[in-house]
Structure formats: C-alpha cells, structure tokens
Amino acid sequence: RASALAGRLRAAPRVSSRATDGPEPGPAGVQEWGSRAAAALLVARSGLESERERVVRQANEHGGSVLGEPLFSASVTGVRERLERVASSSPA
C-alpha cells in the first residue's frame, strides 16, 4: 500500500521527490517512508496555504480599488460576489 501511495504522490504537484520515492522493504522501510511523506505533504500544504493567502490579499486589494473602499473578505469568492452585487445594482 505504501508503494501505491508513493505512486499517487508522484502525480501530486508540489510534493518533493523524497516522498514519491517508494519505501524500502519491510516495516522499518515503510515507517521511514511514512515520516518522509508526512513531512513532504506538510511542506506542500504550507506552500498552498501561503499561496492562498496571497491570492485572497490580492483579490481584496483589487476589489477595493474597483469599489473605492477596503474589502475584508476571507476568500476570492467573497470578493467576486461583492463585485457582482455592486455591478448588478449599478446602472449601466
């Protein structure tokens, strides 16, 4: 199962090759690989969270510049919905 999971990790973006290299034979090899895989996934997740924060911050900045007021949304979707509401209620 660990070898199959390593294969699935090869297809995942941002996961280091240390996690995609399969485990050595035996329980000790699987345990060691599991530690490497967990660490690689933690790093990948951290990178995605940082990227998400940057995207949301940029969406808030762009939305605020369009509306002329600061936006404080926790998601890009929230900014888009706010802009759509304003656009649909404004005369063309």
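The structure under discussion appears in the preceding block.
Rules and cut-offs
- Residues numbered from 1 in each chain as written.
- Predicted model: local features only at pLDDT ≥ 70, side-chain atom pairs only at ≥ 80, totals over all residues.
- Heavy atoms only, no water.
- Helix = DSSP H or I, 4+ residues; strand = E, 2+ residues; numbered from the N terminus.
- Buried < 20%, exposed > 50% of the residue type's maximum accessible area, 1.4 Å probe, protein only.
- Contact = heavy atoms within 4.5 Å.
- Lys, Arg positive; Asp, Glu negative; His and termini not counted.
- Charge placed at Lys NZ, Arg CZ, Asp CG, Glu CD.
- Salt bridge = Lys/Arg side-chain N within 4 Å of Asp/Glu carboxyl O.
- Core = buried A, V, L, I, M, F, W, Y, C linked by side-chain atoms within 4.5 Å.

Enquirer: Honestly, the overall build of the protein chain in this entry has me stumped. Any pointers?
Expert: In terms of regular secondary structure, the protein chain is built from four helices and zero strands. Summarising its shape, the C-alpha atoms of the protein chain cover approximately 70 × 20 × 15 Å along the three principal directions. The proportion of buried residues among the 92 residues of the protein chain is 22%. Within the protein chain, residue pairs in contact and separated by at least 24 positions form 22% of the contacts whose partners lie at least 6 positions apart. Both charge centroids of the protein chain, one from 13 positive and one from 10 negative side chains, sit 4 Å from each other.

Enquirer: What is the right way to read the pattern of salt bridges from this model?
Expert: Counted under the stated rule, the structure contains five salt bridges. Residue Arg-45 is joined to Glu-49 by a salt bridge in which the shortest nitrogen-to-oxygen separation is 2.9 Å. One end of the pair, Arg-45, and the other, Glu-49, are both in helix H3 (residues 26–67), four residues apart, so they sit about a helical turn from each other. Put simply, Arg-82 and Glu-69 hold a salt bridge, and the shortest N to O gap is 2.5 Å. Here the residue Arg-82 occupies a position in helix H4 (residues 76–89), and Glu-69 occupies one in the loop between H3 and H4, the gap between them amounting to 13 residues. Given the relative accessible area of 34%, Glu-69 is considered partly exposed.

Enquirer: Explanation requested: the environment of Arg-18 in the structure shown.
Expert: As for its placement among the helices and strands, Arg-18 is situated in helix H2 (residues 17–20). Judged by relative accessible area, which is 51%, Arg-18 ranks as exposed. C-alpha separation for the pair Arg-18 and Ser-46, spaced 28 residues apart in sequence, amounts to 17 Å. Every residue in contact with Arg-18, bar those within four places of it in the chain, is listed here: Trp-33 and Arg-36.

Enquirer: Explanation requested: the nonpolar core in the structure shown.
Expert: Within soluble globular proteins, side chains that are nonpolar tend to cluster in buried spots. Counting residues in hydrophobic clusters, the biggest one holds nine residues: Ala-2, Ala-6, Leu-9, Val-15, Ala-19, Trp-33, Ala-37, Ala-40 and Ala-44. Breaking this core down by element, the ones donating at least two residues are helix H1 (2–10) and H3. Among the elements that make up this core, the one with the highest residue count is H3 (four residues). For Ala-44, the residues in contact, after removing those within four places along its chain, are Arg-14 and Val-15.

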